[in-house]
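If you want the building blocks of each chain, they are given just below.
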Amino acid sequence: MADTRMSDFGNVPVPIATSFLHQYANWNRLKTVCLTFDQDWAPDFMLTEILDLLDRYNAKATFLATGPSEALSGRASAAGHEIALHPNLAAGSTQGRDLYGIITGLKKAFPQAVGTRFHLLGHSYRDLMALSQHGFKYDVSSLRFNCPYLLPVWHADINMTLLSYCWEDGFAVEGTFPGTLETISLDFPGLKIFNFHPLNVYLNCESAGQKSAFQSAIPDMTRCTAEEATAFRKQGNGSGRVLRELLQVLEQRQVKCVTLGDLVSAFTNENRDLNY
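Now for a description of the structure that goes with this document. (Residues numbered from 1 in each chain as written. Predicted model: local features only at pLDDT ≥ 70, side-chain atom pairs only at ≥ 80, totals over all residues. Heavy atoms only, no water.)

1. So, the overall build of the protein
Right, so step 1: Secondary structure assignment for the protein yields eleven helices and twelve strands.
Right, so step 2: Against the compact-globule benchmark of 19 Å for 276 residues, the protein has a radius of gyration of 18 Å, which places it among compact chains.
Right, so step 3: Expressed as lengths along the three principal axes of its C-alpha atoms, the size of the protein is roughly 60 × 40 × 35 Å.
Right, so step 4: Counting only residues that meet the buried cut, the protein has 52% of its 276 residues in that class.
Right, so step 5: Within the protein, residue pairs in contact and separated by at least 24 positions form 68% of the contacts whose partners lie at least 6 positions apart.
Right, so step 6: When the accessible area of the protein is evaluated, it comes to approximately 12600 Å², of which 51% is carbon and sulfur surface.
Right, so step 7: Taking the average place of the 23 positive charges on the side chains of the protein and the average place of its 28 negative ones, the gap between the two points comes to 3 Å. (Helix = DSSP H or I, 4+ residues; strand = E, 2+ residues; numbered from the N terminus. Rg over C-alpha atoms; globule rule 2.2 N^0.38 Å. Buried < 20%, exposed > 50% of the residue type's maximum accessible area, 1.4 Å probe, protein only. Contact = heavy atoms within 4.5 Å. Areas by Shrake-Rupley, 256 points an atom, 1.4 Å probe, with all protein chains shown as cover. Lys, Arg positive; Asp, Glu negative; His and termini not counted. Charge placed at Lys NZ, Arg CZ, Asp CG, Glu CD.)

This is the structure:
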């Protein structure tokens, strides 16, 4: 039987190996984070800028792909980043008519993908059941903004690990986002999975109005050029600044950035003999 640790909630046992809690769930101090990026149809020049930044800090990340991208299938994969899928089940989705068609299409571009986050988090448990039949190992379509004590949950019925992430720039931009690193709670125990959107990072978005102005002027982002997008970039506080400052802090504190796939593998390997 794997070792377990007592949580802080009135000596309620946490049925997860102590080694995982310490190294990946930051139970005693911040050691590991996961950086994720929802492609959301961003053009390759936006993705390339993020890849340059990750290279600078030797940080690994997981990209959730919405469609074919040379930057993702080529450079990102070669650099050791993970490519997962970002299916859009909304009416009128350009990815396909149903989940099967969407997953089949995305898998052609990214055949190694084993994880998902649904666009706008829109999905049902039946969708997860279908993903399991296609060999997917995890889903991260649950946002618990700045909540502590987040942990993976293994679902034996679908043979998948379900994850919650604790922060994203999209939610922050739509709310009252000051565009600073202080919006991220780094030191509470639990999984630290952060999500950014390449468009928000590239424009350094701080408000929904700034993003809407870009989308109104350039309704088809897939055809956007760097010259067109640059006109909408801003200085000061915003999503891009938060990402850069976060990477600086993680480097200073010697915190490791791992992919979601690596996190799930560690969870599965270290808790294989636990009964839920």
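2. Some details on the nonpolar core
Right, so step 1: Among the nonpolar cores identified, the biggest contains 71 residues, and Leu 35, Phe 63 and Phe 194 are the most heavily contacted of them.
Right, so step 2: If one sorts the elements of this core by residue count, helix 10 (residues 239-252) sits on top with six residues.
Right, so step 3: Ignoring sequence-local partners within four residues, the contact set of Phe 194 consists of Val 33, Cys 34, Leu 35, Thr 36, Cys 166, Trp 167, Ile 184, Leu 186 and Leu 246.
Right, so step 4: Counting residues in hydrophobic clusters, the runner-up holds twelve residues, among them Met 46, Leu 203, Phe 214 and Cys 224. (Core = buried A, V, L, I, M, F, W, Y, C linked by side-chain atoms within 4.5 Å.)

3. Some words on helix 4 (residues 99-109)
Right, so step 1: Along helix 4, the positions that sit buried rather than exposed are Leu 99, Ile 102, Ile 103 and Leu 106. Seen from one end, helix 4 has its buried residues packed into an arc of 90°, which puts them on one side. Opposite its buried face, helix 4 presents the exposed residues Tyr 100 and Lys 108, each directed more than 90 degrees away.
Right, so step 2: For helix 4, the secondary structure elements touched by its buried residues are strand 4 (61-65), strand 5 (82-85) and helix 5 (125-133). (Arc of directions from axis to C-beta.)

4. A word on the packing of aromatic side chains
Right, so step 1: Inspection of the entire model under this criterion finds eight aromatic pairs.
Right, so step 2: Ring centres 5.1 Å apart and planes at 50° place the aromatic pair Trp 167 and Phe 196 in the tilted group. Separated by 29 residues along the polypeptide, Trp 167 in strand 10 (residues 167-168) and Phe 196 in strand 11 (residues 193-196) bring together distant segments of the chain.
Right, so step 3: Owing to a relative accessible area of 0%, Trp 167 belongs among the buried residues under this scheme.
Right, so step 4: In this structure an aromatic cluster arises from ring pairing among Phe 37, Phe 63, Trp 167 and Phe 196.
Right, so step 5: Over the ring of Tyr 165 we find Arg 117; its NZ or CZ atom is 4.1 Å from the centre of that ring. (Phe/Tyr/Trp six-rings, centres within 6.5 Å; stacked < 30°, edge-to-face > 60°. Lys NZ or Arg CZ within 6 Å of the ring centre and 35° of its normal.)

5. Things to note about unusual backbone geometry
Trans is the prevailing form of peptide bonds, just as negative phi is the prevailing case for residues other than glycine.
Right, so step 1: Located in the positive-phi region is Asp 40, a residue other than glycine, with phi close to 50°.
Right, so step 2: Along the chain, Asp 40 falls in the loop between strand 3 (32-38) and helix 2 (44-56).
Right, so step 3: The backbone phi angle of Tyr 149 is positive, close to 60°, even though this residue is not glycine.
Right, so step 4: Within the secondary structure layout, Tyr 149 lies in the loop between strand 7 (138-143) and strand 8 (153-155).

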